[in-house]
Amino acid sequence: MNTYSISIKETTNPSIIKFETNQFITQHESFEFNNIDEAKSSPIAQQLFYLPFVKKVYISSNFIAIEKFSIVEWADVQNEVAEQIVTYLNSGAVIVEASEEKKKTPVTIYAESTPNPSVLKFVANKKLATTTHEFTSIDDTKFAPMAAELFHFPFVKSVFIDENFISITKFDIAEWSEITMELREFIRSYVENGKTIIDPNAPETKSKQIDQLDNDYESKDDISKEIINILEEYVKPAVASDGGNIEFQSYDPIEKKVKVLLQGACSGCPSSTYTLKSGIENMLKEMMKGKVDTVEAING
């Protein structure tokens, strides 16, 4: 069984803190409880209401959010609450009891073009995964039942799943105008029915858990850390908007070379080389003068 971990996130409302989990705790459903009586279907919410400062409890696909009364400050209690939540989750106890009257969660999927003409991005109004995953064949999908089903479409070449979108690369045998509606409806129905997208025990998930990512980062040299921070802040959001992903791989201080992994729509994109050289490479040269000369891409 995969181990849960918690990341504490502030919100725009200072009274509300989100305790994000490294894997899903509901099947794309959201619940709001205003008091302990309303929380009869959720043992963990009831447990939290025994804390005198808890005003409301929200449970969503990959987080529990708590609104507090003003009798305490979050800085004084948030770590203890996080520990209580993660202990409960790792006990394997029920989070929210299933209800026969449970309604499907409405799901919206829309398609976006990407710079890569072979790739289309399908964006959801629900969180689909807690980390990025790329599948280049059905053999890779042992822990990804949704990707496995997508490969049953003869025109699907590869699948890239991020937090709120799926990028699909097609073979040339089909045109997007002929298959977009079919793929969009399949994804919408799959998510709406609460079916598993990524198995919590997937190796990709385990290798990218929050604690391990932090440990990997801390083990890097100072220049590598600086490069990672630049990529995360300036490059990754733009790449994600195009249906792809970029990951730092290595830095060679002798050759002053940076290697990055391109995934999703960026992998094999005709314009990715230009983007790499004119955009990312120039940015790193400018922001890290004398430390970076070249950037080399590895396609996922």
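Residues numbered from 1 in each chain as written. Predicted model: local features only at pLDDT ≥ 70, side-chain atom pairs only at ≥ 80, totals over all residues. Heavy atoms only, no water.

## Some points on the overall build of the chain
Phase 1 of the analysis: The secondary structure content of the chain amounts to 8 helices and 13 strands.
Phase 2 of the analysis: Within the chain, the proportion of its 300 residues that are buried is 46%.
Phase 3 of the analysis: Of the contacts formed within the chain by residues at least 6 apart in sequence, a portion of 61% connects residues at least 24 apart. (Helix = DSSP H or I, 4+ residues; strand = E, 2+ residues; numbered from the N terminus. Buried < 20%, exposed > 50% of the residue type's maximum accessible area, 1.4 Å probe, protein only. Contact = heavy atoms within 4.5 Å.)

## Some details on the layout of surface pockets
If a probe the size of a water molecule is rolled over the atoms, the empty space left behind becomes visible.
Phase 1 of the analysis: Within this model, the second largest pocket holds a volume of roughly 410 Å³.
Phase 2 of the analysis: As for the second largest pocket, its lining consists of 23 residues, of which Tyr4, Phe24, Ile25, Gln27 and Pro200 are closest to the centre.
Phase 3 of the analysis: Of the residues contributing to the lining of the second largest pocket, the split by class is 12 nonpolar, 9 polar and 2 charged. (1 Å grid on protein atoms, 1.4 Å probe; cavity = no way out; pocket = protein on both sides within 12 Å on 5 of 7 lines; lining within 4 Å. Points joined across faces, edges and corners; volume = space filled by probe spheres on them. Nonpolar A, V, L, I, M, F, W, Y, C, P; charged D, E, K, R; others polar.)

## Side note on helix H7 (residues 222-241)
Phase 1 of the analysis: The terminal C-alpha atoms of H7, which comprises 20 residues, lie 28 Å apart, in line with the 28 Å expected from a rise of 1.5 Å per residue.
Phase 2 of the analysis: Most pronounced at Val235, the bend in H7 amounts to some 50°, and the proline Pro237 follows within four residues.
Phase 3 of the analysis: Residues of H7 that are buried include every one of Ser224, Lys225, Ile227, Ile228, Ile230, Leu231, Val235, Lys236, Val239 and Ala240, and no others.
Phase 4 of the analysis: Where H7 ends, the next residue or the one after it, Gly243, has phi of about 85°, a positive value. (Expected span 1.5 Å × (residues − 1). Bend = angle between axes of the 7 residues up to and from the residue.)

## Observations concerning the sheet that holds strand E5 (residues 63-68)
Phase 1 of the analysis: Within the open sheet, the 5 strands sit side by side as E1-E2-E5-E4-E3. Their pairing is antiparallel. The sheet is open, and its two edges are formed by strand E1 (6-10) and strand E3 (31-33), each paired on a single side. With strand direction ignored, the average angle separating the axes of adjacent strands in the sheet is 20°.
Phase 2 of the analysis: Where E1 lies against strand E2 (residues 16-21), 5 bridges are found, and the strand directions are antiparallel. Each residue of the ladder has a partner; that of Ile6, found in E2, is Thr21.
Phase 3 of the analysis: Its contacts with the sheet place helix H2 (residues 74-90) against E1, E2 and E5, and it is angled at close to 35° to E2. (Pairing = 2+ DSSP bridges. Axes fitted to C-alpha atoms, helices over the stretch in contact; angles between N-to-C directions.)

## Concerning unusual backbone geometry
Phase 1 of the analysis: A positive phi angle, near 55°, is found at Lys256, a position not held by glycine.
Phase 2 of the analysis: By relative accessible area, which is 28% here, Lys256 ends up partly exposed.

## Thoughts on the pairing of strand E12 (residues 257-264)
Phase 1 of the analysis: E12 sits mainly inside the fold: 6 of its 8 residues count as buried.
Phase 2 of the analysis: Relative to E12, strand E11 (residues 244-252) runs antiparallel, the two sharing 8 bridges. When the bridges of E12 are listed, Ser250 appears paired with Lys259.
Phase 3 of the analysis: In this structure, the hairpin formed by E11 and E12 is closed by a connection of 4 residues, where Lys256 is found at a positive phi of approximately 55°.

## Points about the nonpolar core
Phase 1 of the analysis: Core analysis: the largest hydrophobic core is formed by 30 residues, its most contacted members being Val159, Ile166, Ile168, Leu183 and Ile187.
Phase 2 of the analysis: For this core, the secondary structure elements donating two or more residues are strand E7 (119-124), helix H3 (145-150), strand E9 (156-161), strand E10 (165-170) and helix H4 (176-192).
Phase 3 of the analysis: At 7 residues, H4 tops the list of elements feeding residues into this core.
Phase 4 of the analysis: Ignoring any residue separated from it by four or fewer positions in sequence, one finds Ile187 in contact with Ile109, Phe122, Met146, Ile166 and Ile168. (Core = buried A, V, L, I, M, F, W, Y, C linked by side-chain atoms within 4.5 Å.)

## Points about the environment of Lys127
Phase 1 of the analysis: With respect to the helices, strands and loops of the structure, Lys127 is situated in the loop between E7 and strand E8 (133-135).
Phase 2 of the analysis: As a C-alpha pair, Lys127 and Asn164 span 37 residues in sequence and 4.8 Å in three-dimensional space.
Phase 3 of the analysis: With near-sequence residues (within four places) excluded, Lys127 lies in contact with Phe24, His28, Ser61, Asn62 and Glu163.

## Considering the confidence of the model for the chain
Phase 1 of the analysis: Mean pLDDT over the chain stands at 85; residues scoring 70 or higher make up 87%.
Phase 2 of the analysis: Of all the helices and strands in the chain, helix H5 (residues 203-207) carries the lowest mean pLDDT, 51, while H3 carries the highest, 95. (pLDDT = per-residue confidence, 0-100.)

## As for the environment of Ala93
Phase 1 of the analysis: For Ala93, the position within the fold is in the loop between H2 and strand E6 (109-113).
Phase 2 of the analysis: Spatially, the C-alpha atoms of Ala93 and Ile44 are 8.5 Å apart, while their sequence positions differ by 49 residues.

## Some words on the pattern of salt bridges
Phase 1 of the analysis: All told, the structure shown has 15 salt bridges when counted by the stated rule.
Phase 2 of the analysis: Glu149 is paired through a salt bridge with Lys195; the nearest N and O atoms lie 3.5 Å apart. Here Glu149, found in helix H3, pairs with Lys195, found in the loop between H4 and H5; they are 46 residues apart in sequence, far enough to count as distant.
Phase 3 of the analysis: Glu226 serves as the salt-bridge partner of Lys291, at 3.8 Å between the closest nitrogen and oxygen. Of this pair, Lys291 sits in the loop between helix H8 (272-287) and strand E13 (294-299) while Glu226 sits in helix H7, and the two are 65 residues apart along the sequence.
Phase 4 of the analysis: One connected set of salt bridges, linked through shared partners, spans Glu185, Arg188 and Glu192. (Salt bridge = Lys/Arg side-chain N within 4 Å of Asp/Glu carboxyl O.)

## Overview of the packing of aromatic side chains
Phase 1 of the analysis: Counted according to the given criterion, the structure contains 7 aromatic pairs.
Phase 2 of the analysis: Pairing Phe19 with Trp74 gives two aromatic rings, centres 6.0 Å apart and planes at 70°, and the pair type is edge-to-face. Residue Phe19 is found in strand E2, and its partner Trp74 is found in helix H2; the two are separated by 55 residues along the sequence. The burial state of Phe19 is the same as that of Trp74; both residues are buried. (Phe/Tyr/Trp six-rings, centres within 6.5 Å; stacked < 30°, edge-to-face > 60°.)

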